[in-house]
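# Structural features, examined
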Amino acid sequence: MKISVAQIQVIEGNIEKNYEASLSMIERAKQDGSSLVLFPELFLSGFDYTNLDKLSRLSPKYIDKLLEESKNIAICGTFLENIDNKIYNTFYCIYERKVLFKYSKVKLFEVTKEDYYFNAGNKNQPNTFDLFGIKFGVCICFELRFPEILRKAALNGAQVLLVSAIWPVERLHAWQSLSCARAIENQAFVVTCNANEASGRWMCAGHSSVYDPNGKMLECAYNQTGVKTVSIEPSLSKKIQREFPSLINAYDLGCMEGNV
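Quantities reported herein were computed from a predicted structural model and do not represent experimental measurements.

Cut-offs and rules
- Residues numbered from 1 in each chain as written.
- Predicted model: local features only at pLDDT ≥ 70, side-chain atom pairs only at ≥ 80, totals over all residues.
- Heavy atoms only, no water.
- Salt bridge = Lys/Arg side-chain N within 4 Å of Asp/Glu carboxyl O.
- Helix = DSSP H or I, 4+ residues; strand = E, 2+ residues; numbered from the N terminus.
- Buried < 20%, exposed > 50% of the residue type's maximum accessible area, 1.4 Å probe, protein only.
- Pairing = 2+ DSSP bridges.
- Right-handed = clockwise from strand over helix to strand, strands pointing away.
- Expected span 1.5 Å × (residues − 1).
- Contact = heavy atoms within 4.5 Å.
- Phe/Tyr/Trp six-rings, centres within 6.5 Å; stacked < 30°, edge-to-face > 60°.
- Axes fitted to C-alpha atoms, helices over the stretch in contact; angles between N-to-C directions.
- Left-handed = near helix turned anticlockwise from the far one by under 90°.
- Nonpolar A, V, L, I, M, F, W, Y, C, P; charged D, E, K, R; others polar.
- Core = buried A, V, L, I, M, F, W, Y, C linked by side-chain atoms within 4.5 Å.

Turning to the pattern of salt bridges, a few remarks are in order. Enumeration over the complete set of coordinates arrives at 9 salt bridges. Two residues, Lys239 and Glu243, come together in a salt bridge whose shortest N-O distance is 2.7 Å. With a gap of 4 residues between them, Lys239 and Glu243 both fall in helix H6 (residues 235-243), about one helical turn apart. Judged by relative accessible area, Glu243 falls into the exposed class, the value being 54%. A network of salt bridges, in which partner residues are shared, links Glu41, Lys105 and Glu114.

Buried residues dominate strand S1 (residues 2-7), accounting for 5 of its 6 residues. Here 3 bridges tie S1 to strand S2 (residues 36-38), and the two strands are oriented parallel to one another. Counted as the bridge partner of Val5 is Leu38 from S2. In this fold, S1 hands off to helix H1 (residues 15-31), which returns the chain to S2; that crossover is right-handed.

An ideal rise of 1.5 Å per residue puts 24 Å on 17 residues; helix H2 (residues 52-68) measures up with 25 Å between its terminal C-alpha atoms. Every buried residue of H2 is accounted for by Leu52, Leu55, Ser56, Ser59, Tyr62, Ile63, Leu66 and Leu67. Residues of H2 that are buried make contact with H1, strand S3 (74-83), strand S4 (86-95), strand S5 (98-104) and helix H3 (114-117).

A positive phi angle, close to 60°, is found at Phe132, a residue other than glycine. Tracing the backbone through its elements, the reader meets Phe132 in the loop between strand S6 (128-131) and strand S7 (134-140). According to the relative accessible area criterion, Phe132 is partly exposed, its value standing at 35%. The backbone phi angle of Glu197 is positive, close to 60°, even though this residue is not glycine.

This brings us to the packing of aromatic side chains. For any pair of aromatic rings, the description rests on two quantities: the centre-to-centre distance and the angle between the ring planes. Across all of its chains, the model carries 16 aromatic pairs by this definition. Summarising the aromatic geometry, the rings of Phe39 and Phe43 are spaced 4.4 Å apart at their centres and angled 15° between planes, so their arrangement reads as stacked. On the basis of relative accessibility, which here comes to 0%, the residue Phe43 falls in the buried class. Taking the centre distance of 5.0 Å and the plane angle of 80° together, the rings of Tyr116 and Tyr117 count as edge-to-face. Relative accessible area serves as the criterion here: at 32%, Tyr117 is assigned to the partly exposed category. Aromatic ring contacts, followed pair by pair, group Phe47, Tyr49, Tyr116, Tyr117 and Phe118 into a single cluster.

A few words on the packing of helix H4 (residues 147-155) against helix H5 (residues 172-186). A pair of packed helices can be characterised by two numbers: the angle between their axes and the separation between those axes. Running from N to C, H4 and H5 point in directions that differ by 40°, and their axes come no closer than 10 Å. Crossing handedness for the pair H4 and H5: right-handed. In this structure, H4 uses Pro147, Leu150, Arg151 and Ala154 to contact H5, whose residues at the interface are Arg182, Glu185 and Asn186. The class makeup of the residues in the contact of H4 with H5 is 3 nonpolar, 1 polar and 3 charged.

A few words now on the nonpolar core. Formed by 46 residues in total, the largest nonpolar core has its most connected members in Phe91, Phe129, Phe136, Val160 and Leu162. Non-local contacts of Phe91, meaning those with residues more than four positions away in its chain, are made with Leu38, Cys76, Gly77, Thr78, Phe101, Lys102, Tyr103, Phe129, Val138, Ile140, Leu162 and Ser164. Counting 34 residues, the second largest nonpolar core, distinct from the first, contains Ile8, Ile26, Ile166 and Ala195.

Backbone hydrogen bonds are what pair the strands of a sheet, in a parallel or an antiparallel way. Ordered in space as S6-S7-S8-S9-S12-S13, the 6 strands form an open sheet in which the pairing is mixed. In this open sheet, the two edge strands, each paired with only one partner strand, are S6 and strand S13 (217-220). Along the sheet, successive strands turn relative to each other by an average axial angle of 20°, direction set aside. Together, S6, S7 and strand S8 (160-165) form the strand contacts of H4, whose direction differs from that of S7 by roughly 170°. Contacting S8, strand S9 (189-194), strand S12 (209-211) and S13, H5 runs over the sheet at an angle of about 155° to S9.

Okay, here's the thing in structure tokens:
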């Protein structure tokens, strides 16, 4: 299958301009023959805390618009979600005009007061979904630092792990190192999408990338705005797990018995 990462500048608070930018990325991914395109975290709104409530109430309108663009390509990324006046940072997978999967961020980034403005998702919610005969796993930005989250997905059979983020440039080394580590330890493809350039007061690291199950980088967007498309064979994940059974041997660890 072909999978794309859409690295864009997320202009904080400007949902219309971000939406217009996303349309061009979706069209490019379609032209590349991609089955799925991954966007950064909160790619329509950014972390505009001042206008969070207003923006969260606009999200459904723009999600509906993106549903119309999801014919023949799955669109993934995170959105503001307002449920009973509580705001969540929620990953969506939409395809063929349907919302196929949602996962709300569990580990909120206290350094930027994300935990003050957002509600955490239920830690027992599933973070895997099936599409195209492939099982995908999901984590959101800061959650990349918690290996248990993507390990939970891998132990549930995920062959491709999707990471949607707004990650700052001063922690670029961590972004790349953790992404590579999650691929190696879970013997799965890791597909990351980050914003680039400035988003509010944050300068984003870019470097959206695709890693194979051995941790080899297959593609990287570096600091460029645009779409990167990679052909991957998800079954390679299971092949590597059989040949080098480190993930299989993780099933008997006591720490894996509970939910993340």
